[in-house]
Amino acid sequence: MSSYPRLFTKVALFVFGLQFLALGYQQTANPLDVASALLFEDQFEEAGTLLAELPESPQAIALKGELEFRKGQFEAARTHYQRALELEPENSRAHYGLGKLAMAKMKSKEAVRSVMKAVELEPEQAHYRLTAAEAWGIDQNLDEQTLQLEAYVALEPTYDPERVAEVQAALDIIANFGTERMGLYEITNDQGPIPILTAVNLVFANLMVGDKGPFEFIVDTGASQTVFTEKLLDELALSPIASTLIHGVGGEGKVETNIYRIDELRFGDIEIRNLPIGAISEPTISELAAGIFSTATFSDQVVSIDYRRDRIEFNTPDISDDVEHIPSWFFNNLVLIPLTINGEHEGNFLLDTGAVTTVLSHNMARTLGVTEDTPGAKIDLGLAGIGGFEGAVLLVPEVIFTTAKNLEGYSQVVSIDMREISKMLGTEVAGVVGYDFLKGYRISIDFKNAEVRLSK
């Protein structure tokens, strides 16, 4: 079966979909605008207090939906959006919010319908256009995606110059590929497993670039795009087609990069053609591998990473009698799974085979009573990611992670600053599920049905 992944994944190597923007962030006496600005600054408690004091208008209710969305309380957000539409069927913010929820469940038709309704009601709202481009990308309609990106740039949203530059880079990438489909590959019904190697708490696989290689890559469910190291790019003598930002865990959460065009990439025996990739110069990663391969490349397949049998499978049923189905949320093809911490605190965690250890966000650590001021909590530990080395790292004692059927407990877990990636995804990320959690499982990521399956 010939296939190609969600166009948005390939075009938006950086993230278009900033899920919530505070338009009109300038000084204002309008309490709704103030609440919007507070949300933009991640001041959830202050925004919630202000919204609780306002009359129950459709706009206030829709903003409460945004608050819950930003906090990762998605079903509560849905309730508010639907209530706002009951009171005001033409409420653009509520249509927009329901569209974001549909995108997070990979329901492309529903997402397009809701977000385009918001665009119809308020065509001058630049962030509606941006999210509409993402929705059309998930729906694999490059022409409509391009129209919305062009409309976004034409509106000249001066409050977010980085985002404008990223969108312009996406348009440059689209122009470079022209009518050629990006990320085209073929996976047949009898596709065999791809061997992997587990070492230093990471998953590795061999890739060929054209007739060169093999090169060892980190296989990463926590990367929305594939990236090559600068060393490999020099060896291949490639020229960039655009420049932009890529986002990820570590450092400032973002780094400038060039974008390159790869005509042919082979993952095991799967040939991938016309793939845009980014570059990474982080020395620690460069010492380990030639790059990072994103499993989101195969976002219209069920991708299974079997740690126990050292292989990756595609569209292969679970043979275990002990399989847990976890309804999950997908943001720019990054996977968030809901977990309960210490039996009472809930959060959404990034599923990341590229993380050597499971970590908490500083916000979740604070909920558990650990901050930088906690005696002995701050430790000198260098954790590197796409965004560079992490700054403050805290040690949180006695943490238990639970799903509906499984439990993983640790005597101590580190916490890092995840504000940048949370802002990038538009919702709170409570931490990262890494190797020490995942190593005992076969993990299946089902993009179409928006779920993760764990089996032992």
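Structure: above.
Residues numbered from 1 in each chain as written. Predicted model: local features only at pLDDT ≥ 70, side-chain atom pairs only at ≥ 80, totals over all residues. Heavy atoms only, no water.

S.K.: If you had to explain the overall build of the protein chain to someone new, which residues and values would you point to?
M.R.: Scanning the protein chain from terminus to terminus reveals 15 helices and 26 strands. Scored against the burial criterion, the 456 residues of the protein chain give a buried share of 59%. By sequence separation, contacts in the protein chain at least 24 residues apart represent 67% of the contacts at least 6 residues apart. Accessible surface computed for the protein chain: about 18,100 Å², of which carbon and sulfur atoms make up 48%. (Helix = DSSP H or I, 4+ residues; strand = E, 2+ residues; numbered from the N terminus. Buried < 20%, exposed > 50% of the residue type's maximum accessible area, 1.4 Å probe, protein only. Contact = heavy atoms within 4.5 Å. Areas by Shrake-Rupley, 256 points an atom, 1.4 Å probe, with all protein chains shown as cover.)

S.K.: Could you give an account of the pattern of salt bridges, naming the residues involved and the relevant values?
M.R.: Between side chains of opposite charge, pairing is possible as soon as their charged atoms come close. Under the criterion given, the structure shown has 26 salt bridges. In this structure, Asp318 and Arg442 form a salt bridge, with 2.5 Å as the shortest nitrogen-oxygen distance. One end of the pair, Asp318, is in the loop between β13 (311-314) and β14 (323-327); the other, Arg442, is in strand β25 (residues 442-446), and 124 residues separate them in sequence. Judged by its relative accessible area of 4%, Arg442 is buried. Arg453 serves as the salt-bridge partner of Asp446, at 3.2 Å between the closest nitrogen and oxygen. Asp446 sits in the buried class, given a relative accessible area of 5%. Here the salt bridges do not stand alone but share partners, grouping Asp306, Arg308, Arg309, Arg311, Glu313, Asp318, Arg442, Asp446, Glu451 and Arg453 into one network. (Salt bridge = Lys/Arg side-chain N within 4 Å of Asp/Glu carboxyl O.)

S.K.: Break down helix α4 (residues 58-71) for me, citing the residues and quoting the values.
M.R.: Between its terminal C-alpha atoms α4 stretches 20 Å, which fits the 20 Å expected from 14 residues at 1.5 Å a residue. Those residues of α4 that sit buried are Pro58, Ala60, Ile61, Ala62, Leu63, Lys64, Gly65, Glu66, Leu67, Glu68, Phe69 and Arg70. In this fold, the buried residues of α4 make contact with α2 (31-40), α3 (44-53), α5 (74-87), α6 (92-104), β15 (329-331) and α14 (419-425). Positioned one or two residues after α4, Gly72 has a phi angle of 85 degrees, which is positive. (Expected span 1.5 Å × (residues − 1).)

S.K.: Let's hear about the sheet that holds β13: which residues, and what values?
M.R.: Read across the sheet, six strands follow the order β3-β13-β12-β25-β26-β14 without closing on themselves; strand pairing throughout is antiparallel. Strand pairing shows two members of the sheet lacking a second neighbour, β3 (194-195) and β14, which therefore form its edges. Where β3 lies against β13, two bridges are found, and the strand directions are antiparallel. Across the sheet, the residue bridging to Pro195 is Arg311, located in β13. (Pairing = 2+ DSSP bridges.)

S.K.: Describe the pairing of β25, listing the residues and the values that go with them.
M.R.: Across the five residues of β25, five count as buried, placing the element largely inside the fold. Residue alternation in β25 divides its side chains into two sets, Arg442, Ser444 and Asp446 and Ile443 and Ile445, and both sets are buried. Note: strand β12 (residues 302-306) against β25, five bridges, orientation antiparallel. Paired with Ile305 across the two strands is Ile443, which belongs to β25. Sheet topology places β25 next to strand β26 (residues 451-455); five bridges connect them, and they run antiparallel. Directly across from Arg442, in β26, lies its bridge partner Ser455. With antiparallel pairing between neighbouring strands as the criterion, β25 and β26 make up a hairpin whose turn holds four residues, including Ala450 at a positive phi of roughly 50 degrees.

S.K.: Describe the pairing of strand β16 (residues 334-341), with residues and values.
M.R.: By the criterion of burial, β16 is predominantly enclosed, with six of the eight residues buried. With three bridges joining them, β15 and β16 adopt antiparallel strand pairing. Each bridged residue has a counterpart across the sheet, and for Phe330 the counterpart in β16 is Val335. Between β15 and β16, which follow one another and run antiparallel, lie two residues, and Asn332 among them has a positive phi close to 55 degrees. In terms of strand pairing, β16 meets strand β17 (residues 345-351) through six bridges, oriented antiparallel. Across the sheet, Leu339 pairs through a bridge with Gly347, a residue of β17. What sits between β16 and β17 in their antiparallel hairpin is a turn of three residues, with Asn342 showing a positive phi close to 50 degrees. In this structure, β16 lies alongside strand β22 (residues 393-402), joined through two bridges in antiparallel fashion.

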